[in-house]
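Observations on the model geometry
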Amino acid sequence: MQKYVIKNIQLVNEGSIQTTDIFLTNERIEKIAPNISVTHKVKEINGEGKYLMPGVIDDQVHFREPGLTHKATVYTESRAAVAGGVTSFMEMPNTIPPAFTQELLEDKYDIASENSLANYSFYMGTSNDNLEEVLKTNKKKKDVCGVKIFMGSSTGNLLVDNYPTLDKIFSETELLIATHCEDEQLIKQNLQRIKAEKEVLTASDHPLIRNDEECFESSFKAVQLAKKHGTRLHILHISTEKELQLFGNMMPLKEKKITAEACVHHLHFTSDDYDRLGNLIKCNPAIKAHHNKEALWRALLDDRLDVIATDHAPHTWEEKHAEYEKAHAGIPLVQHSLLLMLLYYEQQKITLEKIAEKMSHAVADCFRIKDRGYIREGYYADLVMVDFKESTRVEKENVYSKCGWSPFEGKTFPAAITHTFVNGHLVYGNGVWDESIKGQRLSFAPNP
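Residues numbered from 1 in each chain as written. Predicted model: local features only at pLDDT ≥ 70, side-chain atom pairs only at ≥ 80, totals over all residues. Heavy atoms only, no water.

**Some remarks on the overall build of the chain**
The following threshold applies: Helix and strand assignments come from DSSP, with helices taken as H or I runs of at least 4 residues and strands as E runs of at least 2, each series counted from the N terminus. Accessible area is worked out with a 1.4 Å probe on protein chains only. A residue is then buried under 20% of its type maximum, exposed over 50%, and partly exposed in between.
From N to C terminus, the chain includes 13 helices and 20 strands. Considering only C-alpha atoms, the chain reaches an extent of 75 × 45 × 45 Å along its principal axes. Within the chain, the fraction of its 448 residues that count as buried is 62%.

**Regarding helix α2 (residues 102-115)**
Counted only if it meets this: In this analysis, the expected span of each helix is defined as 1.5 Å times one less than the number of residues it contains. Whether two residues are in contact is decided by their heavy atoms: any pair within 4.5 Å suffices.
Here α2 is 14 residues long and its end C-alpha atoms lie 20 Å apart, about the 20 Å a rise of 1.5 Å per residue gives. Those residues of α2 that sit buried are Gln102, Leu105, Lys108, Tyr109, Ile111 and Ala112. The secondary structure elements touched by the buried residues of α2 are α1 (74-83), β7 (86-91), β8 (119-122), β9 (124-125) and α3 (131-136).

**So, the state of the cysteines**
This is how the line gets drawn: Working definition: a disulfide is two cysteine sulfur atoms within 2.5 Å of each other.
Using the criterion set out here, one finds zero disulfides in the structure. In this structure cysteine 181 is a free cysteine whose sulfur lies 8.6 Å from that of cysteine 215, the closest cysteine sulfur available. A relative accessible area of 3% places cysteine 181 in the buried class. Between cysteine 263, a free cysteine, and cysteine 283, which holds the nearest cysteine sulfur, the sulfur-to-sulfur gap is 8.5 Å. Taking relative accessible area as the criterion, cysteine 263 reaches 0% and is therefore assigned buried.

**Some details on the packing of helix α12 (residues 337-346) against helix α13 (residues 352-367)**
Helix-helix packing: each pair is described by the crossing angle between the helix axes and the interaxial distance. Rules: Every angle, taken between N-to-C directions, lies between 0 and 180 degrees, and every axis is a line fitted to C-alpha atoms, over only the stretch in contact when it is a helix. Each angle receives one of four descriptions, namely roughly parallel if under 35 degrees, roughly antiparallel if over 145, roughly perpendicular if within 65 to 115, and oblique otherwise. A crossing counts as left-handed when the near helix is turned anticlockwise from the far one by less than a right angle, and as right-handed when that turn is clockwise. By the convention adopted, Pro, Cys, Tyr, Trp, Phe, Met, Ile, Leu, Val and Ala count as nonpolar, Lys, Arg, Asp and Glu as charged, and the other residues, Gly among them, as polar.
At their nearest, the axes of α12 and α13 sit 10 Å apart, and the two run at 150° to each other. Of the possible angle classes, the one that applies to α12 and α13 is roughly antiparallel. Viewed along their axes, α12 and α13 form a crossing whose handedness is right-handed. Between α12 and α13, the residues in contact are Ser337, Leu338, Met341, Leu342 and Tyr345 and Leu352, Ile355 and Met359, respectively. Per-class residue counts for the contact of α12 with α13 are seven nonpolar, one polar and no charged.

**Observations regarding the sheet that holds β8**
The following threshold applies: At least two DSSP bridges between two strands are needed for those strands to be called paired.
Reading across the sheet, the three strands line up as β6-β7-β8 and stay open at both edges, with parallel pairing between neighbours. Because the sheet does not close on itself, it has two edges, and the strands there are β6 (56-61) and β8. Each strand axis lies, on average, 20° off the axis of its neighbour in the sheet, ignoring direction. Bridge analysis of β6 against β7 gives four bridges, and the strand direction is parallel.

**Focus: the environment of lysine 402**
Which entries qualify depends on this criterion: Counted as a polar contact is a pair of N or O atoms within 3.5 Å, where, for protein atoms, one must be capable of donating a hydrogen and the other of accepting one, and residues adjacent in sequence contribute only when both atoms are in side chains.
Counting through the fold element by element, lysine 402 comes out in the loop between β16 (392-393) and β17 (412-413). When the C-alpha positions of lysine 402 and alanine 72 are compared, they lie 5.1 Å apart, and in sequence the two are 330 residues distant. When neighbours within four sequence positions are excluded, lysine 402 is seen to be in contact with Thr69, His70, Lys71, Ala72, Thr73, Thr76 and Glu77. Of note is the side chain of lysine 402, whose polar atom sits 2.6 Å from the backbone oxygen of threonine 69.

**Points about the pairing of strand β11 (residues 177-180)**
Covered by surrounding structure in β11 are Ile177 and Thr179 together with Ala178 and His180, the residues of both alternating faces. Judged from the four bridges that link them, strand β10 (residues 147-150) and β11 form a sheet pairing that is parallel. Note on β11: the bridge partner recorded for lysine 148 is alanine 178. The pairing of β11 with strand β12 (residues 233-235) spans three bridges and is classified as parallel. Its bridge partner being in β12, isoleucine 177 is matched across the sheet by leucine 233.

**Concerning α1**
Counting buried residues in α1 gives nine out of 10 residues, a clear majority hidden from the surface. Listing the buried residues of α1 in full gives Val74, Thr76, Glu77, Ser78, Arg79, Ala80, Ala81, Val82 and Ala83. Among the structural elements, β7, α2, β18 (416-422), β19 (425-429) and β20 (432-433) are those in contact with the buried residues of α1. Positive phi shows up at glycine 85, right after α1, with a value of about 85°.

**Considering unusual backbone geometry**
With glycine set apart, most residues show a phi of negative sign, and most peptide bonds adopt trans. Between isoleucine 96 and proline 97 the backbone carries a cis peptide bond, its omega angle lying at -5°. For proline 97, the location among the structural elements is in the loop between β7 and α2. In the segment running from asparagine 284 into proline 285, the intervening peptide bond is cis, with an omega of -5°. One non-glycine residue, asparagine 26, adopts positive backbone phi at about 50°.

**A look at a negative patch on the surface**
Basically, it comes down to this: Patch definition: residues with relative accessible area over 30% and no salt bridge; like charges joined within 9 Å; nonpolar side chains (Val, Leu, Ile, Met, Phe, Trp, Tyr) joined within 5 Å. For the accessible areas, the method is Shrake-Rupley and the probe is 1.4 Å, while residue cover comes only from the protein chains on display. Each reported salt bridge corresponds to a side-chain nitrogen of Lys or Arg within 4 Å of a carboxyl oxygen of Asp or Glu. Positive charges come from Lys and Arg, negative ones from Asp and Glu, while His and the chain ends are left out of the count. Lys charges are placed at NZ, Arg charges at CZ, Asp charges at CG and Glu charges at CD.
A cluster of like negative charges, contributed by Glu103, Asp107, Asp110 and Glu114, occupies part of the molecular surface. Mapped onto the elements, aspartate 110 comes out in helix α2. Judged by its relative accessible area of 45%, aspartate 110 falls in the partly exposed class.

**Digging into the packing of aromatic side chains**
Condition: Note on ring pairs: Phe, Tyr and Trp rings are taken, using the six-membered ring of Trp, and paired if centres are within 6.5 Å. Classes follow the plane angle, with under 30 degrees stacked, over 60 edge-to-face and the rest tilted.
With the rule as written, the count across this model stands at 17 aromatic pairs. Centre to centre, the rings of tyrosine 123 and phenylalanine 367 are 6.5 Å apart; their planes meet at 75°, and the pair counts as edge-to-face. Of this pair, tyrosine 123 sits in the loop between β8 and β9 while phenylalanine 367 sits in helix α13, and the two are 244 residues apart along the sequence. Judged by relative accessible area, phenylalanine 367 falls into the buried class, the value being 5%.

**Things to note about the environment of tyrosine 109**
You can see tyrosine 109 is positioned in helix α2. Under the relative-accessibility criterion, tyrosine 109 is labelled buried at 2%. If we ignore the near neighbours within four places in the chain, the residues touching tyrosine 109 are Tyr120, Ser121, Phe122, Asp143, Val144, Cys145 and Arg441.

Have a look at this one:
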């Protein structure tokens, strides 16, 4: 493997920015120091004027393989991820077939080992009738990121709404439980009421059907279950101000038993954007009114919300342009999540240090990922180089996701991602790809 020394780079890591050199060899960070001199064969990269950040770890993506590969594959979406500075991902179980057995779960790891350009992990899926298989995952605490529960409507049989089953999963699962929290019954009631009032539903009705109340009720139920059993709970994609009362910032992240996530689309879009983008920003939970966005930002910055993710969920252009009720829910975001946060840095909404914390450090701490998420000697060299002297304009031609579109088309971000290293391998550098080495399966330290 090629060895690299990056010279005179602005290193963004663990709450500070410093000018330094960094030496990468044997997949890892060998040395961080000013004026590193390496006598053996090494490729030197001039980092002057650029910033080096830990690679983004996205704890919630949908890469659609197996079974939905007309939308996406592990290869295409991991490529989009790497282009966007995402070096590791954790993928959801709602593929076809869903990851409901240990064998099906391992099949996904096999696919990734052959095709993923980024590091990877996959959640075990849950249903009302696969409890025995779910609990077998307890033996894989070092090798699987967590167990995923859809507590609200989803595709196929991935909804868990049977309380005894939920209670059993929360009481006996030894891994982190990640939940999609929406109340199925309230969604159905809202839909029936609004359909009785309107002849034709549109995307702007989405946050009224999937409203603040149904999100809160489901999240509240998950928190109650977790507190009852002492479960390690991580609630995904918080979208409402009301839910924020369920989370605290009075202890360090590593000591929290209950954590929560903000997604980039809920930090950026509001319900005002349905008029412009329609079903393109239809997602579950819904993008809601402006006051929720501002509340999410406050909670992110004061650490009630612990991590930033994407919930990257690609669908074809045709699937998104069906009439509202038939249009698929989900947005392709993994290529542009870091660029979007860098835009908010330029707008002085968030610091670079906080971006590194919420997109890398905190994700590694939340999931107890071994040797990743920080720029430290001995850690894997998962790194992204950013240049604010360049900009990135999003066009269909430079979208790497297989679906071929982005809600950010036509937007210019005030930065460019110039290099992405995965395990010390330069996969993407100034638009040139080296796909000769694949990513690795993530490893986890079991909860104490």
